[in-house]
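Chain by chain, the residues run as shown.
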Amino acid sequence: MDSPSPNQNIEENKPPCNAGRESLTREMKFSGFPSHYFILLALILWTFGCNQIWALLDSRPLSWDPAAHLRIAFGYWSAFTSGSDRMWLDLLSVESFYPPFYHLSLVPVFAWLGFSLDNAVLVNSIYLAVIILSTYGIGQRLYDRNTGLLAAFLMSCYPFLAYISRQLSIGVALTACVTLSYYLFLRSENFENRKFSFWFSCSFAVGLMFKWTFIFYMLPAIIMGLFHTEEDRPG
């Protein structure tokens, strides 16, 4: 019987060409959890921690707009906690200018942690997390995963967005609803996917309850959805 040649032994013992790539892929996953989810979670935790540290260290008095929003939120919180028989009438009479959803979203946190500006910043951190995840979804849907991660990172570092997320401002909540609505619009495939069309309509309705200017930011999606062709379908 012929003995195998040295070259043949080398070929037999040579690892597959994609073994290194598969090993790297396994290393980038922890317990079956994709690595890009860890990156997004790290971004969210980082921005959350920065906002909370800022809230604890910032001792300046509130400027005009944050003070007005804190007053409105206090009105809704007082109406819920007063125990009055006219609670629903009191809620309707709190504010006649701003839509109620942003200030109402602060009430559960106030009821849980107490009424303070620092607790209101906690809610803004949640909205900022929605912005980061929605931005990633848009970039991933239009291009690829790396583009989505880069877009989410840049969005989390955007100076003005970081600033208003540490203030009592509707802007961060409005931005969250706009980015989420655009992501859901892309997933709806120009309103041909029923499930995501339904969630887009819910997000659209909530956005109008944040601020009436929401509709102007969503006009491109409305126009594309009404007058699209098969060639214009996103994703």
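Enquirer: Hey, could you go over the confidence of the model for the protein for me, with residue numbers and the actual values?
Expert: Chain-level statistics for the protein give a pLDDT mean of 80 and a share of 83% at 70 or above. Ignoring residues within four places in sequence, the model shows residues 17–31, a span with pLDDT below 50, making five contacts including any to other chains.

Enquirer: With reference to specific residues and values, describe the environment of Asp90.
Expert: Along the chain, Asp90 falls in helix α5 (residues 87–92). What Asp90 contacts, discounting residues up to four positions off in sequence, is Ala79 and Ser84.

Enquirer: Account for the pattern of salt bridges, naming residues and giving values.
Expert: Within the structure shown, the criterion is met by two salt bridges. Put simply, Arg141 and Glu189 hold a salt bridge, and the shortest N to O gap is 3.6 Å. Here Arg141, found in helix α7 (residues 117–142), pairs with Glu189, found in the loop between α10 (170–188) and α11 (194–210); they are 48 residues apart in sequence, far enough to count as distant. According to the relative accessible area criterion, Arg141 is partly exposed, its value standing at 24%.

Enquirer: Can you tell me about the side chain of Thr47, naming the residues and giving the values?
Expert: With respect to the helices and strands, the residue Thr47 is situated in helix α3 (residues 35–57). On the accessibility criterion, Thr47 (8% relative accessible area) is buried. Not counting the four nearest positions on each side in its chain, Thr47 is found in contact with Leu128, Ile132 and Ser156.

Enquirer: Outline helix α4 (residues 64–81), supporting the account with residue identities and numerical values.
Expert: With 18 residues, α4 should reach 26 Å at 1.5 Å per residue; the first-to-last C-alpha distance of 26 Å fits that figure. All buried positions along α4 are accounted for by Pro66, His69, Leu70, Ile72, Ala73, Tyr76 and Ala79. Turning to α4, the residues buried within the fold contact α5, α6 (101–113) and α10.

Enquirer: Give a detailed account of the state of the cysteines, specifying residues and quantitative values.
Expert: If you walk through the whole model with that rule in mind, you get zero disulfides. Cysteine Cys50 shares no disulfide, and the gap to the nearest cysteine sulfur, in Cys157, comes to 9.3 Å. Given the relative accessible area of 23%, Cys50 is considered partly exposed.

The rules behind these values
Residues numbered from 1 in each chain as written. Predicted model: local features only at pLDDT ≥ 70, side-chain atom pairs only at ≥ 80, totals over all residues. Heavy atoms only, no water. pLDDT = per-residue confidence, 0-100. Contact = heavy atoms within 4.5 Å. Helix = DSSP H or I, 4+ residues; strand = E, 2+ residues; numbered from the N terminus. Salt bridge = Lys/Arg side-chain N within 4 Å of Asp/Glu carboxyl O. Buried < 20%, exposed > 50% of the residue type's maximum accessible area, 1.4 Å probe, protein only. Expected span 1.5 Å × (residues − 1). Disulfide = S-S within 2.5 Å.

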